[in-house]
Amino acid sequence: MRCKDPIIVVKDLYVNFYTYAGVVKAINGVSFEICRGETYCLVGETGCGKSVTSRALTRLIKSPGRIEKGEIYFYPEPGKKIDIMKLSDEEIRKIRGYDIAYIFQDPSASLDPLYTIGYHVAETMAFHGVVQSIKEGIKKAAQVLRLAKMPDPESRVRAFPHELSGGMKQRAVIGMSLANRPKLLIADEPTTALDVTIQAQIMNFLKELKEKENLTLLLITHNMGLVAEMCDTVAVMYAGEIVEEAPVEELFKNPLHPYTRGLMRAVPKHVGKNVTLESIPGTVPNLIFPPPGCRFHPRCPYRFDPCDKKRPPLIEIEKNHKVACWLYAKEGGKR
Amino acid sequence: MATKEAEEVYEKKVLDRVSDAFVDALANLFDKIRPGWKVRNQARVDEWKLMFYAFNRSPIGIAGAVLVAIFIIIAIIGPWIAPFSYGTSLALCNQTAYLAHPGTVVKIPKGCEALGVKPGTYRLILGGDSFGRDLFSRILYGARTSFVVMILVLLVGPWIGVALGLISGYYGGAVDETIMRITDMFLVFPGLILAIAFSAVLPSRISIFLKDHPWVGSFFLHLFALHPTERGALASLVSVIIALWIVWWPGYARLVRGMVLSEKENTYVEAARALGVSTTSILFRHILPNILGPILVYLSLDSGGVILTEAGLSFLGVGAVPPIADWGRIIYDGSQYFPSAWWLVFFPGLAILLTVLGFNLLGDTLRDILDPRTRRSIEFRLKKKPKTKEEGEEK
Amino acid sequence: MNSKELINYMKSTFGEPMVEVVDLKKYFPVKGVFRTIGYVRAVDGVSFIVPKGKTLGLVGESGCGKTTTGRLILRLIEPTSGHVYFDGKDIFKLKGKKLLEFRRKAQMVFQDPYMSLDPRMTVFDIIMEPIRAHKIKVEDPQKFVVNLLYEVGLNETHLYRYPHEFSGGQRQRIAVARVLALEPEFIVLDEPTSALDVSVQAQILNMLKDLQAKRGLTYLFISHDLGVVRYMSDYIAVMYLGKIVEMGPAEEVFEKPLHPYTKMLFASMPVPDPFEAKKKPKVEVIGEPPSPINPPPGCRFHPRCQYAMDICRKKEPPLVMAEKGHFVACWLYAKK
Ligand SMILES: Nc1ncnc2c1ncn2[C@@H]1O[C@H](COP(=O)(O)OP(=O)(O)OP(=O)(O)O)[C@@H](O)[C@H]1O
Ligand SMILES: Nc1ncnc2c1ncn2[C@@H]1O[C@H](COP(=O)(O)OP(=O)(O)OP(=O)(O)O)[C@@H](O)[C@H]1O
Ligand SMILES: [Mg+2]
Ligand SMILES: [Mg+2]
């Protein structure tokens, strides 16, 4: 147990997608826990299962996807345990958007072009009974938008989504998800669609907000820079599995998994033209026919005997630093 | 904990094996014609198989395909399997055939050979009409009429629209403006009215043309499976076809123009331009192949539309003239005896309904299947390969 | 300093130009219901050179006109005004054979590898397409294509496959192979890795560098990722709302940014290092980029600039040489 007071605990989660081309084994035995009040990051490349994992937390997986197996416990307050997998659809909807709120990558997809920003905010509040009616909600919307640092919130309440820039839309979406004072905010690449300067604004604001509201943040990103600036604990995902988990400083100082190391070296960082960047050979595997054993082994420069046969377990090497690699496991032979 | 996945395979139904065999046979044929084709197009062959799998999993699509297949088969062999010719008035020999109920048995005495009927007893399964003609035979012949009209209309009309739409969409500017205004002019008139107008004006010119070129007439007579005596009635049938060409292109011009406009925005079109590829190559090698899928879907949906319109025209009295068998015409003639002789309206109506329904169901399914994105999202049922012992233990 | 002088300065410090851009403008009309109600000033008077055999990095935020500049230089769109000289010839005057010749020498790799390949063509057809378009004779097309595939790190097993069977990185390699088929001298790389993963990005960047070294190519490298631009470029130009605000040798601009916008951009870039991130000075990012339809008067950056002076609101700063080979458009450095 890493956390004394976890907010969410996931054990051995499996998610499959049943498509024509085959069964996509998108999430393959993922276990992690998020401590109350921290910023937990999931990093990894496209298709490694970050979004699916985050959606699975509130069972937001649509057909052809299915949660095959796994336990998910949510602790809205210390000591109060809710088994997400056992809730009815109705009950889970009550949690979604109230205790656990989402921000997605593309803000326009979360906003209906026919309704004003104020209506959107009011609707989420009214659904969860925070306000009695939409009307009352619209009156309170400006307050909520101010919290999200929307410039000039009183007039934005009456604006339609298309009248706002991308950054402002994302702020409106953040406002919506904050309207009910969630305990856990899941931000799925909230700034990928935005400019760096706007990204910097939004990230600063999320940081401030966390301190003020005692929010727990699950931040999903593929940007190592954001990880370094925002996170407390980082989980590195590769092809549907968590390969390494560590506090952020520890991870950057002492990356253990060959994939994490490769990832760190592949990011250009203050390097000029005369340097050569290291790259990870090969490409991300197809999750319909994932490589047997360790899913990273075909691209791994250190692979040896058990790698292509047995899956390495995620074990704690140093305090709070877990890695799934045979280089570090006892049965592996070496080390 | 090592998780070893049990190998899963997709359940292949009988239909899948049939379609696989069909696609493979086709591929082998292409390979014979152009050696090396199969190697170069393996990916395409796989895609075709996939399309069939998706199709095989759509009961609606299969129902549509069955209906359409029945229609086409009847249209082709109908005139041969029909017990009587479309114009044979059995009532001349035996009065019982006059407005005979479905299932009536009619005895043909000797001396009626002139009508082309051998003596004997015949059962009119769908009944007879006001001339004592066998409704069943007339519906079989009617299928041929509808089918030929449909094919001839769809082979020309829509493609005029496609060509204009391609030009209009790609070049834009004044060209686009001109073509679209003309299209609008055609579109503001309801298609049926326009078709009536044209089918009323055209026959006289066409009959002159047919007189000057008798071989054209003979060709059409064979196509429609008509007696040489009906040569005079051809003009009206041909004019229906031409009228339908005229009303059928504007919709396609609009549709294709829209698709070209969105396709043109794709980076690969700009990439081709940056490489110095000529405009015609871009139009025919990039844009057309990419919009062909939706066009095919519309053609399938429109097949029913053409049959319906043609029947409507005949029903309104333009188009097929008596005694040519045509579904619309049969309903029109029979409606005077409705409701006592209900079968004269009911059976041809049913034939139209089922055929149009078939094409629509087929078209709807094709829409899903020809779009690579929806095709891939279809959920497939798995069949677990029988577990080996070792795997069973691990579980 | 007028644009002629500016270009001459650049030639004397950066080297002989492959491409010379003079006062280039592109305004896109904004259509109202009945008439044009305004113009998007996507590119609004830029002048720069791309030195032969070198890489010029073009950076800026989304919508500042980077892609439009790239498309203008390849004459994929016609400019509102201005000139582009390729090897000394004005490309907007080229016609027929001459234009086709230009299309062979100057190429583009697009941002989105998922969109830039025709989904219905095999890799073989995709790579042969430019060869057919230019009616170039090749002895053995299959061998020719396979050689190109090897050069970009693919092989003959990929020959008859369709784009959807490839990952983003592989597709971008195909796009590069297609461009190389014509043996170009100059390639516009429009964010060639922004749709790719970091691990694959490094592969593609290294490949592009190797190709440049081997074939002596000239690149215009467009990106909004400063780390990537720094890794790729000899010189960089920073764009803001259709204007170049700063230009100079890459290392110098990164080490000593002059323009307040460049500083803000660099400060917004997250540093992939938690220790450095804590030490990084916090720069206040003010406001959002305004619309290019009605850019602010004077210096376009002044509403977001913490050093804004009176003159900034009234007069547009010219691009001047602040230090040798380092150009900047800001009143802090210009003589008023
Ligand atoms: N609706 C779906 N149908 C089929 N497969 C799916 C579906 N949704 C997700 N997947 C598969 O699940 C895997 C994980 O997807 P996910 O969206 O979680 O990736 P991600 O890590 O969020 O990537 P990104 O950085 O691109 O957002 C992918 O391999 C993807 O192919
Ligand atoms: N064909 C067009 N018609 C109208 N406006 C256009 C067109 N192409 C680009 N624009 C506008 O011109 C401006 C500059 O666009 P451009 O694509 O050059 O930006 P960019 O710097 O490449 O941005 P990004 O980083 O998002 O690719 C934008 O405001 C855009 O909306
Ligand atoms: Mg995602
Ligand atoms: Mg761009």
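To start, this report covers the structure provided alongside it. (Residues numbered from 1 in each chain as written. Chains lettered and ligands numbered in written order. Predicted model: local features only at pLDDT ≥ 70, side-chain atom pairs only at ≥ 80, totals over all residues. Heavy atoms only, no water.)

1. What about the side chain of Thr191 of chain A?
Residue and element names in this part refer to chain A.
Then, in step 1: By the secondary structure assignment, Thr191 is in the loop between β7 (184-188) and α7 (196-213).
Then, in step 2: Among the polar contacts made by the side chain of Thr191, one reaches the side chain of Gln199 at a distance of 3.0 Å.
Then, in step 3: When neighbours within four sequence positions are excluded, Thr191 is seen to be in contact with Gln199, Ile202, Met203 and Leu226. (Helix = DSSP H or I, 4+ residues; strand = E, 2+ residues; numbered from the N terminus. Polar contact = N/O pair within 3.5 Å; in protein donor to acceptor, adjacent residues only side chain to side chain. Contact = heavy atoms within 4.5 Å.)

2. Here's the deal with the nonpolar core
Then, in step 1: Membership of the largest hydrophobic core comes to 155 residues, with the highest contact counts inside it found for Leu166, Phe224, Leu244, Ile287, Ile291 and Trp327 of chain B together with Ile127 of chain C.
Then, in step 2: Counting only domains with at least three residues in this core, you end up with domain 1 (3-69 + 380-394) and domain 2 (78-87 + 135-368) of chain B.
Then, in step 3: The contact partners of Ile287 of chain B, leaving out residues within four places of it in the chain, are Leu166, Tyr170, Val260, Glu263, Val269 and Ile282 of chain B.
Then, in step 4: Within the second largest apolar cluster, 63 residues are counted, among which are Val43, Leu111, Leu217 and Tyr259 of chain A. (Core = buried A, V, L, I, M, F, W, Y, C linked by side-chain atoms within 4.5 Å. Buried < 20%, exposed > 50% of the residue type's maximum accessible area, 1.4 Å probe, protein only. Domains from an automatic or database assignment.)

3. A word on the sheet that holds strand β10 (residues 243-249) of chain C
Within a sheet, adjacent strands bond to each other through the backbone by hydrogen bonds, running parallel or antiparallel.
Residues and elements named next belong to chain C.
Then, in step 1: Read across the sheet, eight strands follow the order β6-β7-β8-β3-β9-β10-β12-β11 without closing on themselves; strand pairing throughout is mixed. The open sheet terminates on both sides in strands that have one partner only, identified here as β6 (106-109) and β11 (320-323). The mean inter-strand angle of the sheet, taken between neighbouring strand axes irrespective of direction, is 20 degrees.
Then, in step 2: Bridging between strand β9 (residues 235-240) and β10 involves six bridges; their strand directions are antiparallel. Of the residues in β10, the one forming a bridge with Ala237 is Met247.
Then, in step 3: Helix α2 (residues 66-73) contacts β3 (55-59), β6, β7 (186-190), β8 (218-223) and β9 of the sheet and is inclined by roughly 155 degrees relative to β8.
Then, in step 4: Relative to the sheet, helix α3 (residues 96-105) contacts β6 and β7, its axis offset from that of β6 by approximately 50 degrees. (Pairing = 2+ DSSP bridges. Axes fitted to C-alpha atoms, helices over the stretch in contact; angles between N-to-C directions.)

4. Section: the pairing of strand β10 (residues 241-247) of chain A
Note on strand geometry: in a regular strand, side chains alternate between the two faces of the sheet.
Residue and element names in this part refer to chain A.
Then, in step 1: In terms of residue burial, β10 counts as a mostly covered element, since six of its seven residues are buried.
Then, in step 2: Pairing between strand β9 (residues 233-238) and β10: six bridges, direction antiparallel. Bridge assignment links Val236 to a residue of β10, and that residue is Glu244.
Then, in step 3: In this structure, the hairpin formed by β9 and β10 is closed by a connection of two residues, where Ala239 is found at a positive phi of approximately 50 degrees.

5. Thoughts on the site of ligand 1
Residues and elements named next belong to chain A.
Then, in step 1: In the vicinity of ligand 1 there are 14 residues, among which Thr46, Gly47, Lys50, Ser51 and Val52 approach most closely.
Then, in step 2: Within the side chain of Ser51, one N or O atom sits 2.5 Å away from an oxygen atom of ligand 1.
Then, in step 3: Between an oxygen atom of ligand 1 and a main-chain N or O atom of Val52, the distance comes to 2.8 Å.
Then, in step 4: Protein contacts shield 67% of the accessible area of ligand 1, which totals 630 Å² for the unbound molecule.
Then, in step 5: Elements that contribute at least two residues to the shell around ligand 1 include exactly β1 (6-19), β2 (22-35) and α1 (50-56).
Then, in step 6: The leading source of residues in the shell around ligand 1 is α1, at three residues.
Then, in step 7: Taken together, the residues of the shell around ligand 1 break down into six nonpolar, five polar and three charged. (Near = heavy atom within 4 Å. Areas by Shrake-Rupley, 256 points an atom, 1.4 Å probe, with all protein chains shown as cover. Nonpolar A, V, L, I, M, F, W, Y, C, P; charged D, E, K, R; others polar.)

6. A short note on the site of ligand 2
Residues and elements named next belong to chain C.
Then, in step 1: Surrounding ligand 2, one finds 14 residues, the nearest of these being Ser62, Gly63, Lys66, Thr67 and Thr68.
Then, in step 2: Between ligand 2 and Gly63, the relevant distance is 2.8 Å, taken from an oxygen atom to a main-chain nitrogen or oxygen of the residue.
Then, in step 3: The separation between an oxygen atom of ligand 2 and a polar main-chain atom of Gly65 is 3.0 Å.
Then, in step 4: Starting from 630 Å² of accessible surface for ligand 2 in isolation, the protein chains cover 66%.

7. Quick notes on the environment of Ile131 of chain C
Then, in step 1: Mapped onto the elements, Ile131 of chain C comes out in helix α4 (residues 123-133).
Then, in step 2: Residue classification places Ile131 of chain C among the buried positions, given a relative accessible area of 2%.

8. A closer look at the interface of chain C and chain B
Then, in step 1: With 26 residues of chain C in contact, the opposing surface of chain B contributes 21 residues.
Then, in step 2: Approximately 2,200 Å² of surface area, both sides summed, lies buried where chain C meets chain B, with 55% of it carried by carbon and sulfur atoms.
Then, in step 3: Counting the contacts that link chain C with chain B gives one salt bridge.
Then, in step 4: Ionic pairing is found between Glu270 of chain B and Arg71 of chain C, a salt bridge with its closest N-O pair at 2.5 Å.
Then, in step 5: One can count 11 residue pairs in polar contact (both at pLDDT 80 or more) joining chain C with chain B.
Then, in step 6: Those elements that place two or more of their residues in the side of chain C that touches chain B are α3, β6 and α4 of chain C.
Then, in step 7: Counting residues per element, the side of chain C that touches chain B draws most heavily on α4 of chain C, which supplies four residues.
Then, in step 8: Residue classes in the side of chain C that touches chain B are distributed as 13 nonpolar, five polar and eight charged. (Buried area = accessible area lost by both parts, 1.4 Å probe. Salt bridge = Lys/Arg side-chain N within 4 Å of Asp/Glu carboxyl O.)

9. Here we look at the sheet that holds strand β2 (residues 36-51) of chain C
Residue and element names in this part refer to chain C.
Then, in step 1: Pairing in this open sheet of four strands is antiparallel, and the strands run β2-β1-β4-β5 from one edge to the other. Edge positions in the sheet fall to β2 and β5 (89-90), since each of these pairs with one other strand and no more.
Then, in step 2: With five bridges connecting them, strand β1 (residues 17-31) and strand β4 (residues 81-86) associate as antiparallel partners. By the bridge assignment, Glu20 is partnered in β4 with Tyr85.
Then, in step 3: Where helix α1 (residues 3-14) meets the sheet, its contacts fall on β1 and β2, and the angle it forms with β2 comes to roughly 35 degrees.

10. Here we look at the state of the cysteines
Two cysteines form a disulfide when their sulfur atoms are joined by a covalent bond.
All names here are of chain A.
Then, in step 1: Tallying each qualifying case throughout the model produces two disulfides over all chains.
Then, in step 2: Covalent S-S linkage joins Cys3 and Cys35, the inter-sulfur distance amounting to 1.9 Å. Of note, the bridge from Cys3 to Cys35 carries an S-S torsion of about -75 degrees and is left-handed in sense. Taken together, the positions of Cys3 in the segment before β1 and Cys35 in strand β2 put the pair 32 residues apart, joining distant regions of the chain. Both residues of the pair, Cys3 and Cys35, belong to the buried class.
Then, in step 3: Shown here is the disulfide that connects Cys41 with Cys231, its sulfur atoms set 1.6 Å apart. Residue Cys41 is located in strand β3 (residues 39-43), and its partner Cys231 is located in the loop between α8 (224-230) and β9; the two are separated by 190 residues in the primary sequence.
Then, in step 4: Classification of Cys41 as buried rests on a relative accessible area of 0%.
Then, in step 5: Look at Cys231 and you get buried, because its relative accessible area is 5%. (Disulfide = S-S within 2.5 Å.)

11. Digging into unusual backbone geometry
All names here are of chain C.
Then, in step 1: Despite not being glycine, Glu191 has its phi angle at roughly 45 degrees, a positive value.
Then, in step 2: Take Glu191: it is sitting in the loop between β7 and α7 (198-215).
Then, in step 3: Residue class for Glu191 comes out buried when judged on its relative accessible area of 5%.
Then, in step 4: Even without being glycine, Leu241 reaches a positive phi, approximately 50 degrees.
Then, in step 5: Along the chain, Leu241 falls in the loop between β9 and β10.
Then, in step 6: Residue class for Leu241 comes out buried when judged on its relative accessible area of 5%.

12. Considering the packing of helix α12 (residues 327-335) of chain B against helix α13 (residues 343-370) of chain B
The angle between the axes and the distance between the axes are what describe a pair of packed helices.
All names here are of chain B.
Then, in step 1: Across the interface, α12 lies against α13 with an axial gap of 8 Å and an inter-helix angle of 155 degrees. Here α12 is positioned roughly antiparallel relative to α13, judged by the angle of their axes. Judged by the sense of rotation from one axis to the other, the crossing of α12 with α13 is left-handed. Packed against α12, whose contacting residues are Trp327, Gly328, Ile330, Ile331, Gly334 and Ser335, the element α13 presents Leu344, Val345, Pro348, Gly349, Ala351, Ile352 and Thr355 at the interface.
Then, in step 2: Across the contact of α12 with α13, the residue classes tally to eight nonpolar, five polar and no charged. (Parallel < 35°, antiparallel > 145°, perpendicular 65-115°, else oblique. Left-handed = near helix turned anticlockwise from the far one by under 90°.)

13. Some details on the interface of chain A and chain C
Then, in step 1: The interface of chain A with chain C comprises 45 residues on the first partner and 43 residues on the second.
Then, in step 2: For the pair chain A and chain C, the summed buried surface comes to about 3,500 Å²; carbon and sulfur atoms form 57% of the total.
Then, in step 3: Contact with chain C buries area across many residues of chain A, yet Val196, Thr197 and Lys273 of chain A alone supply 19% of it, more than any other trio.
Then, in step 4: The interface formed by chain A and chain C holds zero salt bridges in total.
Then, in step 5: Where chain A touches chain C, the interface holds 11 residue pairs in polar contact (both at pLDDT 80 or more).
Then, in step 6: Considering each element in turn, the side of chain A that touches chain C owes the most residues, seven residues, to α7 of chain A.
Then, in step 7: Looking at side-chain class alone, the side of chain A that touches chain C contains 19 nonpolar, 16 polar and 10 charged residues.

Don't take any of this as a statement about function, it's just geometry.
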